[in-house]
Amino acid sequence: MKKPLETCKNCENRFEQGFEFCPYCGQKSNDQLTVSVLFYNTISNYFSVDARFFKSFIPLMIKPGYLAKRFVEGKRLLYLHPAQMYLFISVVFFFLFSFISRKQVETVNKALEKKEIPVVVHDSLKTQIIDSLRNVTTTNYIVKNDFSFDGRRVDSLIAIDAPKEDIFQAMGVGSDAGFFKRRIYAQILKFYKQRNGGSILQAFYDSIPIAMFFLLPIFAFILKLLYYKKVPFSYNLVFSLYFFAFVFMLFSFLVIVDLIWKPMSWLNSIVMIVVFIYFYFAILQFYNQSKLKSLFKSFLATFSFLLMVIPAAIVVMFMVAFLFY
């Protein structure tokens, strides 16, 4: 008896049931799009960008929502995987952005640069100075905030290369302080020693990719709340990956323009408008709702993103910068 036929979602060729993979294109038969399937084997080959990137690039830039819709429909070998697309373009963007961030860091360092006079203290006096500074009470020099300390006292301890525990004590960190508090003060001390505001800015920039790791799924979750009956969460992730790939590609072009020719301030505003228009048409295409509903949800998603997610991302970036840099 002849086995019934099934149709491959990717190449649309028909073959007998029972095959785990399509004999024509190699895509797995009847694979359900889940979060695990979406990210399967992505980490091991996310730099494996082939001709599919060039086939995917034009639709990504001029056909909002097209790639995401085709991917969830089963066309998963015709175009570049959404996670690969996002990772590759984000790497390109952050590479280009590093040239601008480097200039900004250098500018900050030059603005804050101070001529420091080295202090040399003989070892025989070191212990006496440390003991005397331990007993010095804080003065009005302290600014009243949670991370303030007597700068003159700390400078004196740094000058004689005092143990870190003595410097921490002068900064107000007790022996019972937890790991998180000590780690933050260690970073504050590092920046304070360097008198290098650029290092703080650089740490902030370096933490952006890590923050995006949390930002993107939160954005997908916002879409899930807006379309909770429409599609599963994995579909929203696909949409978000392609959308942010477009955003990073657009920002990459903006960085190139900035490096070659200093653009007018209005160009940034135009880019933001283009991003929103693209987002609206992508939602319209992918979720297949009316124009009015799509426009309303576009505004709502954008408002939620700017109101809640961006401030949270900034907090995450500062935490990462202080804890790991």
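For the structure itself, consult the block above.
Overview of the structure. (Residues numbered from 1 in each chain as written. Predicted model: local features only at pLDDT ≥ 70, side-chain atom pairs only at ≥ 80, totals over all residues. Heavy atoms only, no water.)

1. Remarks on the environment of Pro-64
Position of Pro-64 relative to the elements: it lies in the loop between helix H3 (51-62) and helix H4 (66-72). In sequence terms Pro-64 and Tyr-242 are 178 residues apart; their C-alpha atoms lie 9.1 Å from each other. Apart from residues no more than four positions distant in its own chain, Pro-64 is found in contact with Pro-59, Tyr-278, Phe-281, Ala-282 and Gln-285. (Helix = DSSP H or I, 4+ residues; strand = E, 2+ residues; numbered from the N terminus. Contact = heavy atoms within 4.5 Å.)

2. A look at the packing of aromatic side chains
Given two aromatic rings, their pairing is described by the distance between the two centres and the angle made by the two planes. Throughout the structure, instances matching the rule amount to 28 aromatic pairs. For the pair Phe-219 and Phe-243, a centre-to-centre distance of 5.7 Å together with 15° between the ring planes defines the contact as stacked. Within this pair, whereas Phe-219 is found in helix H11 (residues 208-226), its partner Phe-243 is found in helix H12 (residues 233-260), the two being separated by 24 residues in sequence. Of the residues examined, Phe-219 reaches a relative accessible area of 3% and is grouped as buried. With a centroid separation of 5.3 Å and an interplanar angle of 80°, the aromatic rings of Phe-219 and Phe-305 are classed as edge-to-face. Pair noted here: Phe-219 is in helix H11 and Phe-305 is in helix H14 (residues 291-324), with a separation of 86 residues, a long-range link. Judged by its relative accessible area of 13%, Phe-305 is buried. Among the aromatic side chains, those forming a connected cluster through ring pairs are Phe-219, Tyr-227, Phe-239, Phe-243, Phe-244, Phe-246, Tyr-278, Phe-279, Phe-286, Tyr-287 and Phe-305. For the cation-ring pair, Lys-63 lies above Tyr-66, with the distance from its terminal atom to the ring centre recorded as 3.8 Å. (Phe/Tyr/Trp six-rings, centres within 6.5 Å; stacked < 30°, edge-to-face > 60°. Buried < 20%, exposed > 50% of the residue type's maximum accessible area, 1.4 Å probe, protein only. Lys NZ or Arg CZ within 6 Å of the ring centre and 35° of its normal.)

3. Quick look at the pattern of salt bridges
Enumeration according to the criterion identifies 1 salt bridge in this entry. With a shortest N-O distance of 2.6 Å, Lys-75 and Glu-12 are connected by a salt bridge. Linking Lys-75 in the loop between H4 and helix H5 (82-112) with Glu-12 in the loop between strand E1 (5-7) and strand E2 (14-16), this pair joins segments that are 63 residues apart in sequence. (Salt bridge = Lys/Arg side-chain N within 4 Å of Asp/Glu carboxyl O.)

4. Description of the packing of H11 against H12
Two elements in contact, H11 and H12, have axes whose closest approach is 8 Å; the angle formed by their N-to-C orientations is 125°. Taken together, the axes of H11 and H12 are oblique relative to one another. Of the two possible hands of crossing, H11 and H12 adopt the one that is right-handed. For the pair H11 and H12, contact is made by Met-212, Leu-216, Pro-217, Phe-219, Ala-220, Phe-221, Leu-223 and Lys-224 and by Phe-233, Asn-236, Leu-237, Phe-239, Ser-240, Leu-241, Phe-243, Phe-244 and Phe-248, respectively. Looking at the contact of H11 with H12 residue by residue, the class counts come to 14 nonpolar, 2 polar and 1 charged. (Axes fitted to C-alpha atoms, helices over the stretch in contact; angles between N-to-C directions. Parallel < 35°, antiparallel > 145°, perpendicular 65-115°, else oblique. Left-handed = near helix turned anticlockwise from the far one by under 90°. Nonpolar A, V, L, I, M, F, W, Y, C, P; charged D, E, K, R; others polar.)

5. So, the side chain of Ser-56
Residue placement: Ser-56 occurs in helix H3. A residue is classified by how much of its surface remains accessible, and Ser-56, at 0% relative accessible area, is buried. One polar contact links the side chain of Ser-56 to the main-chain amide nitrogen of Leu-80, over a distance of 2.8 Å. (Polar contact = N/O pair within 3.5 Å; in protein donor to acceptor, adjacent residues only side chain to side chain.)

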